[in-house]
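Examination of the molecular architecture
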Amino acid sequence: SVLEYQTAVMRGDFDSANELLSTIPESEYTTVARFLESQGFKEEAMAVTTDPDHKFDLSLELGHIDIAHSLMEEIPEEDKDATDTMTKWKRLSD
């Protein structure tokens, strides 16, 4: 469960946390990732999150420009002209 996972992380028991992660439904991964980010574990959060926006933000914060660029290239054609997409391209170029 998410609570058990969070408890293991808070204890610094990452072996147990990694084992527990496989028991958490993928639908909860973004919740887990946001928790990890709040605890300062941004690399781990980026590896876990299933939310492309969250992954994009984390990749920029961590300086993983290649990952951020790859995420931008995966945006569906119909969303490429959206304001949100244009804002992301600007952030990436900065």
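Please read all numbers here as calculations on a predicted model, not as lab measurements.

Here's the deal with the overall build of the protein
- On a plain count of helices and strands, the protein comes out with seven helices and zero strands.
- In the protein, the succession of α and β elements from N to C terminus is α-α-α-α-α-α-α.
- When the backbone C-alpha atoms are referred to their principal axes, the protein occupies close to 45 × 25 × 15 Å.
- Across the 94 residues of the protein, 32% fall into the buried class.
- In the protein, the proportion of contacts linking residues at least 24 apart, taken out of those at least 6 apart, comes to 26%.
- A distance of 5 Å separates the average location of the 8 positive side-chain charges in the protein from that of its 22 negative side-chain charges.

Quick word on the packing of helix H1 (residues 2-11) against helix H3 (residues 29-38)
- Where H1 meets H3, the axes come as close as 11 Å, and the angle between the chain directions of the two elements is 20 degrees. Between H1 and H3, the angle falls in the class roughly parallel. Once H1 is placed against H3, the crossing between them reads as right-handed. Residues Val2, Tyr5, Gln6, Val9 and Met10 of H1 form the contact with H3, whose participating residues are Val32, Phe35 and Leu36.
- Here the contact of H1 with H3 is composed, by residue class, of seven nonpolar, one polar and no charged.

Focus on the packing of aromatic side chains
- This model, assessed by the stated rule, comprises one aromatic pair.
- Stacked on the ring of Phe56, the Lys or Arg Lys88 has its end atom at 5.5 Å from the ring centre.

Re the nonpolar core
- Core analysis: the biggest nonpolar cluster contains 17 residues, and Tyr5, Val9, Leu21, Ile24, Val32, Leu36 and Val48 have the highest contact counts within it.
- At the level of elements, H1, helix H2 (14-21), H3 and helix H4 (42-48) are the ones that each hand at least two residues to this core.
- For Leu36, the contacting residues outside a window of four places in its chain are Tyr5, Val9, Phe41, Glu44, Ala45 and Val48.
- Counting seven residues, the second-largest nonpolar core is a separate cluster that includes Ala68, Met72, Ile75 and Leu92.

What counts, and at which threshold
The written sequence of each chain sets the order in which its residues are numbered from 1. Per-residue local features are limited, in this predicted model, to residues with pLDDT of at least 70; the limit for side-chain atom pairs, both in listing and counting, is 80 or more; totals at the level of whole chains, interfaces and linings are taken over all residues. Side-chain numbers here rest on the full set of heavy atoms in the structure, without hydrogens or water. Only DSSP runs of H or I with at least four residues qualify as helices, and only runs of E with at least two residues qualify as strands; both kinds are numbered from the N terminus onward. Relative accessibility under 20% of the residue-type maximum defines a buried residue, over 50% an exposed one, and the middle range a partly exposed one, all with a 1.4 Å probe and only protein chains included. It only takes one pair of heavy atoms within 4.5 Å for two residues to be counted as in contact. Think of it this way: Lys and Arg go in the positive column, Asp and Glu in the negative one, and His and the chain ends go nowhere. In plain terms, the charge of a residue is placed at NZ if it is Lys, CZ if Arg, CG if Asp and CD if Glu. Lines fitted to C-alpha atoms define the axes here, with helix axes fitted over just the stretch in contact, and angles between the N-to-C directions of these axes take values from 0 to 180 degrees. Note on angle classes: values under 35 degrees are labelled roughly parallel, values over 145 roughly antiparallel, values of 65 to 115 roughly perpendicular, and the remainder oblique. Here a crossing is taken to be left-handed if its near helix is turned anticlockwise relative to the far helix by less than a right angle, and right-handed if that turn runs clockwise. Residues were grouped as follows: Ala, Val, Leu, Ile, Met, Phe, Trp, Tyr, Cys and Pro as nonpolar; Asp, Glu, Lys and Arg as charged; and all remaining residues, including Gly, as polar. Classification of ring pairs uses Phe, Tyr and Trp, with its six-membered ring standing for Trp, and accepts pairs whose centres are within 6.5 Å; under 30 degrees between planes counts as stacked, over 60 as edge-to-face, and the remaining range as tilted. In this scheme, the term charge over a ring applies when either NZ of a lysine or CZ of an arginine sits within 6 Å of the ring centre and within 35 degrees of the ring normal. Within this scheme, the nonpolar core is defined by two criteria: the residues are buried Ala, Val, Leu, Ile, Met, Phe, Trp, Tyr or Cys, and they are joined through side-chain atoms within 4.5 Å.

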